[in-house]
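Architecture and fold: a report
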There are 2 protein chains.
Amino acid sequence: MSEVRSAFNVSCKNCGLQKICFPTGLQKDEIERLDNIVDRRAPLKKGQHLFEANDNFNALYAIRAGVVKLYSFTNTGEEIVHGFYLPGDVLGIDALGSRRHQYNAIALDTTSVCSLPFEKFSNLTDELPQLNKQMMNVISKEVLDGRMHSELLVRRNADQRVAQFIWNMSERYRSRGYASSEFRLSILHRDVAVYLGLTPETVSRILAKFHADGVATWKKKEVVIHDMDKLLNTAGIQTSCDSCNKATA
Amino acid sequence: MSEVRSAFNVSCKNCGLQKICFPTGLQKDEIERLDNIVDRRAPLKKGQHLFEANDNFNALYAIRAGVVKLYSFTNTGEEIVHGFYLPGDVLGIDALGSRRHQYNAIALDTTSVCSLPFEKFSNLTDELPQLNKQMMNVISKEVLDGRMHSELLVRRNADQRVAQFIWNMSERYRSRGYASSEFRLSILHRDVAVYLGLTPETVSRILAKFHADGVATWKKKEVVIHDMDKLLNTAGIQTSCDSCNKATA
DNA sequence: TATTTAGGTTGATATGAATCAACTCTGAAC
DNA sequence: GTTCAGAGTTGATTCATATCAACCTAAATA
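This write-up is about the structure you can find in this document. Throughout this document, residue positions are counted from 1 along each chain, in the order its sequence is written. Both sets of labels track the order of writing: A upward for chains, 1 upward for ligands. In keeping with the model being predicted, local features are shown solely for residues with a pLDDT of at least 70 and side-chain atom pairs are shown and tallied solely at 80 or more, while totals for entire chains, interfaces and linings include all residues. With hydrogens and water stripped out, all remaining heavy atoms of the structure feed into the side-chain values.

1. Focus on the relation of the copies chain A and chain B
- Overlay of chain A on chain B (RMSD 0.0 Å): rotation 180 degrees, translation along the axis 0.0 Å. Taken together, the rotation and translation relating the two chain copies correspond to the operation of a two-fold axis. Alignment of copies: least-squares fit on C-alpha atoms of residues with pLDDT of at least 70 in both copies.

What follows is the structure in C-alpha cells.
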C-alpha cells in the first residue's frame, strides 16, 4: 500500500495515464483491484522485445513510458510496421484469438510496461462491467487504428502520409497531456518510412521540404510543428466535408 | 421448435456455417440458447444497407448468405472499401467501442443475416465461456484481416494484389466447403479496385493478362482459377521463408 | 582521438500505375 | 426491340515515387 515506487513503477491509482488506459471510468476500489493484478517489471532497454511472433499469449501490456514498434515480415523477408505504441496504449490484442502473438513488439527506447496476466484480467472483466467496457474500447481502437492505417495507404500521397503521421503523433501526445507542437520522437525515419509504405529517401525529401516550407521540422529525435494549419492542410485532413461519411455511393 | 424455416431462415443448429460462425465449439444446449436470441429478418436486397456510419449499435450481424461490402469515405469524398463479408463472417465489430457504427455496410447481392442483439448476446457470453472465446476469435480475425489488408497495400504491386485477392476469396470459399477454383463473385471490379488501392483500368488490364496467361479468369460474376500454382506465384505467397516472422531486424 | 557503421541526405534516372480519352458491352427501363 | 446508363476495356501519355548511387553526419567502438 504505502510502498515506495520508482517513476517506472507507479500504481494505477497514482498513474497519470488513467484517462487513457484501463482505469478509465473505474471507481477507486475497482482501480485498487486492477492494481492488484498488474505485474510491473524492470523497464525494457532499447532494442529489447516485449514479445515476439509465435510467443504464447500470457498477458496484455499497457505502455507506461517509452515507445514500442509492432512489426512482422512478409514471406519475402520485407519488414512490415503495423504501428507505434505510446504510453497508455495497450499491446497484445493480436493474440486474443489464437493465444499466440502474431507480431513482434520491440522497444524503440527505454520502455516500461504494466503487464496484465490475461487469466486474472479476464476474470476481473467478468466482475467489473466498466472494465469490460473499457476492454471493448481498447479492442475497438485497435481495429479502427488498423483501418485508418489502410486508409492512409490507399488514399494518401507521400506528402499527406508524412504530414498525417506527424499530426497523429502530435494529437496522441496532446491527448496524454504532453506538449503537442514540440516533442521527442524516438522513432527512426526508416521505421516511419516502412510504416507509411514509402522509402527512407522519400521521407527524407519530404521532411526537408516541410522544414523549408515552415510546416514542421524533424531533426534527430525532436519534432517541432511550426504551423499546425499548414500541417493539417498538407495532410489533407482539414477540409471538413459534411456529407462525407454518409452512404450515398 | 418445429416451425418451418426457409433457406434464408435456418436455425443455428441446422446451419451449415456452424464451423465458421459463433456456434463453433458450443454444446447442443448452448447452441439452443444462442438460437433463441438470434433475430432472423427478411433478406436484404442488393443495394440495401445493413447499417450506415453513425447508426446506433444494436446488434452484431452474422452473414447467412450473400456478400456485404464495408466502406466509408475520406474527408474529400473518396470511397474506401474496408472489406467484403461472406457467409459466416461477422459484421459490427467496428462499433463495439463507441456503440455507433463507424462504416457503411451494403449488400452487394441478395443477402440474409442473423442479427444478434448485443445486449442479449453480451449476457450470453458472460454465461458461456466457449461463446466468449469464439467472440475473441471473431474480434481477433477482424484485427488480423485489417493488418493483412495493410500489408497488401504497403508491400504488394498491382499484379500481386489482384492475385492475392482472388486467392483469398478462393480460400474463404474453400474453408466454407464450397468450390474454390470456380465460384460466383458478386463484387464489381470497381469495388475490388478501390479495396486494393488501384484504379478500375489497372484491375481490368491485370485480369486480361491473367486470362491470357492461363492463371485465372474473372468474367461477369464468375471466377475460374486455371492454375492455382501460377496464381500463388503471382500473388507472391508461395515462397516459404523459414525465418520470415522471426524478430531479427 | 581515430575508426567504423548505421542512419540520413541529395541527385539522376527508371518505372509502375494513374490519368485521360475513346470505345464497347451488358442489362435494365421503356 | 430500342434506348440508355453504368461497368468494363484498351491505348497513349504523364507523373509520383522507387531505385540506384554517392556522399554526409553522428553516435558507438576501439
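2. A word on the protein's contact with DNA strand D
- Near DNA strand D there are 16 residues, and of these Ala158(A), Thr202(A), Lys220(A), Ser204(B) and Arg205(B) occur at the shortest range.
- If a single non-hydrogen atom of a residue is within 4 Å of a molecule or strand, that residue counts as near it. Here, DNA strand D places atoms within 4 Å of the protein, and 63% of those atoms are sugar or phosphate.
- The definition of a polar contact used here is a pair of N or O atoms within 3.5 Å, where within protein one atom must be able to donate a hydrogen and the other to accept one, and adjacent residues in sequence count solely through side-chain atom pairs. Between DNA strand D and His189(B), the relevant distance is 3.2 Å, taken from a phosphate oxygen to a main-chain nitrogen or oxygen of the residue.
- Among the elements of the structure, helix H6 (200–212) of chain A together with helix H5 (189–196) and helix H6 (200–212) of chain B are those that each provide at least two residues to the surface near DNA strand D. Only DSSP runs of H or I reaching four residues or more are called helices, and only runs of E reaching two or more are called strands; each is numbered from the N terminus.

3. Things to note about the protein's contact with DNA strand C
- Near DNA strand C you find 16 residues, and of these Ser204(A), Arg205(A), Ala158(B), Thr202(B) and Lys220(B) are the closest.
- Backbone sugar and phosphate groups make up 65% of those atoms of DNA strand C lying within 4 Å of the protein.
- Arg190(A) is positioned with one of its backbone polar atoms (N or O) 3.3 Å from a phosphate oxygen of DNA strand C.
- Between Glu201(B) and DNA strand C, the recorded distance is 3.2 Å, taken from a side-chain N or O atom to a base nitrogen.
- For the surface near DNA strand C, the secondary structure elements donating two or more residues are helix H5 (189–196) and H6 of chain A together with H6 of chain B.

4. Thoughts on the sheet that holds strand S5 (residues 79–85) of chain A
Residues and elements named next belong to chain A.
- The antiparallel open sheet is built from four strands, whose spatial order is S2-S7-S4-S5. The open sheet has two edge strands with one neighbour each: strand S2 (49–51) and S5. This sheet shows a mean twist of 30 degrees between the axes of neighbouring strands, independent of strand direction.
- Relative to S5, strand S4 (residues 68–73) is paired through six bridges, and the arrangement is antiparallel. Pairing of Ser72 across the sheet is with Ile80, part of S5. For two strands to pair, DSSP has to find at least two bridges joining them. To obtain an axis, a line is fitted to C-alpha atoms, over the contacting stretch when the element is a helix, and the angle between two such axes runs from 0 to 180 degrees between their N-to-C directions.

5. Structural notes on the environment of Leu44(A)
All names here are of chain A.
- Secondary-structure assignment places Leu44 in the loop between strand S1 (39–40) and S2.
- Along the primary structure Leu44 and Ala107 are separated by 63 residues, whereas in three dimensions their C-alpha atoms are 6.7 Å apart.
- Note on contacts: a residue pair is in contact if any heavy atoms of the two residues lie within 4.5 Å. With sequence-adjacent residues up to four places away left out, Leu44 is seen in contact with His49, Leu50, Ala107, Asp109, Thr110 and Thr111.

6. A short note on the packing of aromatic side chains
Residues and elements named next belong to chain A.
- What counts as a ring pair is set by centres within 6.5 Å for rings of Phe, Tyr and Trp (its six-membered ring), and what kind of pair is set by the plane angle: stacked under 30 degrees, edge-to-face over 60, tilted for all other angles. For the structure shown, the criterion picks out 20 aromatic pairs over all chains.
- With centroids separated by 6.0 Å and ring planes inclined at 55 degrees, the aromatic side chains of Tyr173 and Tyr178 adopt a geometry described as tilted.
- Exposure categories follow from relative accessible area, calculated using a 1.4 Å probe and restricted to protein chains: below 20% of the type maximum is buried, above 50% is exposed, and the middle band is partly exposed. By relative accessible area, which is 10% here, Tyr173 ends up buried.
- Chaining the aromatic ring pairs together yields one cluster made of Phe84, Phe165, Tyr195 and Trp218.
- The lysine or arginine in question, Lys69, covers the ring of Tyr71, its NZ or CZ lying 4.7 Å from the ring centre. A ring has a charge above it when a Lys NZ or an Arg CZ is no more than 6 Å from the ring centre and no more than 35 degrees off the ring normal.

7. A look at the nonpolar core
- Buried Ala, Val, Leu, Ile, Met, Phe, Trp, Tyr and Cys residues form a nonpolar core when they are joined through side-chain atoms within 4.5 Å. Phe22(A) and Phe22(B) are the most contacted members of the largest nonpolar core, which totals 54 residues.
- Excluding its chain neighbours within four sequence positions, the residues that come into contact with Phe22(B) are Leu34(B), Leu60(B), Val90(B), Leu116(B), Phe121(B), Leu131(B), Gln134(B), Met135(B) and Val138(B).
- The next biggest cluster of nonpolar side chains, apart from the first, holds 39 residues, and it includes Val67(B), Val154(B), Val203(B) and Val215(B).

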